[in-house]
Amino acid sequence: MYAIETENLVKKYGGLTALDGVSLKVPEGECFGLLGPNGAGKTTLIRILTTLIRPTSGRALVAGFDVAKEKASVRGAIGVVPQAMTSDLDLTGLELMDIYARFYDMGKKERRDRIDELLTMVGLRERAGDLVATYSGGMRRRLEIARGLVHRPSILILDEPTIGLDPQSRHVVWELLEKFRKADKLTILLTTHYMEEAESLSDHVAIIDYGRIVALDTVEGLKKQIPQKDTIELTVSNIDMGKAKEEVSAHSSVSSVAVNEATLIISVDNGANAIPELVDRLKSLGAKVTRVTLKEQTLEDVFIHFTGRPIREEEARKVSFLLGAGVPRQWGK
Ligand SMILES: Nc1ncnc2c1ncn2[C@@H]1O[C@H](COP(=O)(O)OP(=O)(O)OP(=O)(O)O)[C@@H](O)[C@H]1O
Ligand SMILES: [Mg+2]
């Protein structure tokens, strides 16, 4: 069974098509990353899956429940961490957790035990009595993750969980998500525009652009889909460069070799695998290899291949996390 399943989801805001036929399946227990630039439709999809807005057409099942027809059941099965920070500044961490636990009709002891467990896991137990207003951005995010899990949902949905956080806090959030995923056997769906985040957390990544899924696979699978390859640079001495090029070119995984002074620039399928063999070949001809560098394909290369532009360009213009829903390209009627 799939934790989340969507079929041809379309969402229109007036004349603007924010989602243009999104179909995806997230198996139970998986961490699924939805990677896309500003305005791609990530929050729109999250809002549909979390029953906040209705799709214009198409269907979505979350934990087996229809998001349009079985809202209460969907809400009981999911925990949500929205894009904008939504923890109330004038409550203490403990009060905030308790209010949310009461929404789910949890008894007093159950609430106390679960909140204590969660605050310990997110490293906020010592600060539980302090106002959220005194927390750092990273602490608020951790509290919001704990809040999303208070009723032991089987699916956690996070919209850009680390946006605006410094790299260190971002890593703390990643570790936390991994920890909860194992401890609670969670299915996680997260959106992000950080390549590194999608790459380090996700079993499968879908790239979304202008409301369409343009690619969906494991990170490794996505990298295999693009023609660009890894690049190895080997700087050598004690050998004729023509001969070195010939020797390296003969290796089965090498697709092209260029020579720049004493450096061979080698395009290859799997750089890490090929390096030892290439170095051995050159050494067997009496060459010395004085420098080795490897530039592996990144998710950034994959993104550029499928969308025609780097995601960083978009990131620079990204302002919408302040609003949560995205700044419309054109306000809907
Ligand atoms: N309530 C709304 N009314 C009109 N248009 C909207 C509304 N909400 C979103 N949009 C538009 O729908 C498109 C998708 O927006 P969405 O917020 O889903 O993108 P996103 O991928 O979450 O972007 P971001 O990375 O900036 O959060 C955008 O063009 C956005 O301007
Ligand atoms: Mg968004």
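Residues numbered from 1 in each chain as written. Chains lettered and ligands numbered in written order. Predicted model: local features only at pLDDT ≥ 70, side-chain atom pairs only at ≥ 80, totals over all residues. Heavy atoms only, no water.

Trainee: Give a detailed account of the overall build of the protein chain, specifying residues and quantitative values.
Mentor: Counting secondary structure elements, the protein chain contains 12 helices and 14 strands. Dimensions of the protein chain, computed from the C-alpha atoms along their principal axes, are close to 80 × 50 × 40 Å. The proportion of buried residues among the 333 residues of the protein chain is 48%. The contacts in the protein chain between residues at least 6 apart in sequence include a share of 69% that link residues at least 24 apart. (Helix = DSSP H or I, 4+ residues; strand = E, 2+ residues; numbered from the N terminus. Buried < 20%, exposed > 50% of the residue type's maximum accessible area, 1.4 Å probe, protein only. Contact = heavy atoms within 4.5 Å.)

Trainee: Give a detailed account of the sheet that holds strand β7 (residues 155-159), specifying residues and quantitative values.
Mentor: Strand pairs in the sheet, formed through backbone hydrogen bonds, run parallel or antiparallel to each other. Spatially, β6-β7-β8-β3-β9-β10 is the arrangement adopted by the 6 strands of the open sheet, whose pairing is mixed. Two strands in the sheet have a free side with no partner beyond their single neighbour: β6 (78-81) and β10 (212-217). Across the sheet, the mean angle separating the axes of adjacent strands is 15° when strand polarity is ignored. When strand β9 (residues 204-209) meets β10, the two strands line up antiparallel, connected through 5 bridges. Note that in β10 the partner of I207 across the bridge is A215. Most of the contacts of helix α6 (residues 167-184) go to strand β8 (residues 187-192), to which it runs at about 160°, and overall it touches β3 (31-35), β7 and β8. In the packing of helix α11 (residues 299-307) onto the sheet, the strands contacted are β3, β9 and β10, and the crossing angle to β9 comes to about 40°. (Pairing = 2+ DSSP bridges. Axes fitted to C-alpha atoms, helices over the stretch in contact; angles between N-to-C directions.)

Trainee: How would you summarise the packing of aromatic side chains if you had to cite specific residues and measurements?
Mentor: What the rule picks out here adds up to 1 aromatic pair. With a centroid separation of 5.2 Å and an interplanar angle of 70°, the aromatic rings of Y100 and F103 are classed as edge-to-face. With Y100 and F103 both in helix α3 (residues 93-103) and 3 residues apart, the pair spans about one turn of that helix. Judged by relative accessible area, which is 24%, Y100 ranks as partly exposed. When the ring centre of Y100 is taken as origin, the NZ or CZ atom of R147, which lies over that ring, is 4.7 Å away. Here the basic side chain of R170 rests over the ring of Y194, its NZ or CZ set 3.8 Å away from the ring centre. (Phe/Tyr/Trp six-rings, centres within 6.5 Å; stacked < 30°, edge-to-face > 60°. Lys NZ or Arg CZ within 6 Å of the ring centre and 35° of its normal.)

Trainee: Give me the nonpolar core: which residues, what numbers.
Mentor: Judged by nonpolar contacts, the single largest core of 33 residues is most densely connected at I145, L156 and L177. Among the secondary structure elements, those contributing two or more residues to this core are α3, α4 (108-121), α5 (137-148), β7, α6 and β8. Counting residues per element, this core draws most heavily on α6, at 5 residues. Not counting chain neighbours up to four residues away, the residues in contact with I145 comprise V81, L156, L158, V173, L176, L177 and F180. Listed in part, the 26 residues of the second largest apolar core include A3, L24, F32 and A206. (Core = buried A, V, L, I, M, F, W, Y, C linked by side-chain atoms within 4.5 Å.)

Trainee: Describe helix α9 (residues 241-249), and please don't skip the residues or the numbers.
Mentor: For α9, the set of buried residues is M241, A244 and V248. The buried residues of α9 all sit within an arc of 55° when viewed along its axis, so they share a single face. The elements touched by buried residues of α9 are β11 (230-237), β12 (254-260), β13 (263-268) and α10 (271-284). Two or three places before G242, at the opening of α9, D240 has a side-chain oxygen 3.2 Å from that residue's backbone nitrogen. (Arc of directions from axis to C-beta. Polar contact = N/O pair within 3.5 Å; in protein donor to acceptor, adjacent residues only side chain to side chain.)

Trainee: I'd like a description of a nonpolar patch on the surface, backed by residues and values.
Mentor: A contiguous nonpolar surface patch, about 290 Å² in accessible area, is contributed by I99, F103 and Y104. Structurally, the position occupied by Y104 is in the loop between α3 and α4. (Patch = residues over 30% accessible without salt bridge, like charges linked within 9 Å, V, L, I, M, F, W, Y side chains within 5 Å. Areas by Shrake-Rupley, 256 points an atom, 1.4 Å probe, with all protein chains shown as cover. Salt bridge = Lys/Arg side-chain N within 4 Å of Asp/Glu carboxyl O.)

Trainee: So what's going on with the sheet that holds strand β4 (residues 57-62)? Which residues, and what values?
Mentor: Spatially, β2-β1-β4-β5 is the arrangement adopted by the 4 strands of the open sheet, whose pairing is antiparallel. Looking along the sheet, the strands with just one partner apiece sit at the ends: β2 (16-27) and β5 (65-66). Bridge analysis of strand β1 (residues 2-13) against β2 gives 9 bridges, and the strand direction is antiparallel. Looking at the pairing, V10 lines up with D20 of β2.

Trainee: Give me the lowdown on the coordination of the magnesium ion (ligand 2), citing residues and values where you can.
Mentor: Distances from the magnesium ion (ligand 2) to its protein donors, T43 (OG1) and Q83 (OE1), fall within 1.9 to 2.2 Å. Here T43, found in helix α1 (residues 42-49), pairs with Q83, found in the loop between β6 and α3; they are 40 residues apart in sequence, far enough to count as distant. (Donors = N, O, S within 2.8 Å, 3.2 Å for Na, K, Ca; no water.)

Trainee: Tell me about the pattern of salt bridges, and name the residues and values.
Mentor: Counting across every chain of the model gives 17 salt bridges. When the shortest N-O distance is used, the salt bridge between D130 and R127 registers 2.5 Å. Classification of D130 as partly exposed rests on a relative accessible area of 31%. With a relative accessible area of 27%, R127 lands in the partly exposed category.

Trainee: Tell me about the pairing of β9, residues and numbers included.
Mentor: Within β9, 5 of the 6 residues are buried, leaving the element largely enclosed by the surrounding structure. Judged from the 4 bridges that link them, β3 and β9 form a sheet pairing that is parallel. The partner of L35 across the bridge, within β9, is I207. Between β9 and β10, which pair antiparallel and follow one another directly, the connecting turn spans 2 residues, one of which, Y210, has a positive phi of 45°.

Trainee: Outline the domain arrangement of the protein chain, listing residues and values.
Mentor: Reports often express the size of an interface as the amount of accessible area lost when the parts come together. Considered domain by domain, the protein chain is made up of domain 1 (2-224) and domain 2 (229-295). Using C-alpha coordinates to define each centre, domain 1 is positioned 45 Å away from domain 2. (Domains from an automatic or database assignment.)

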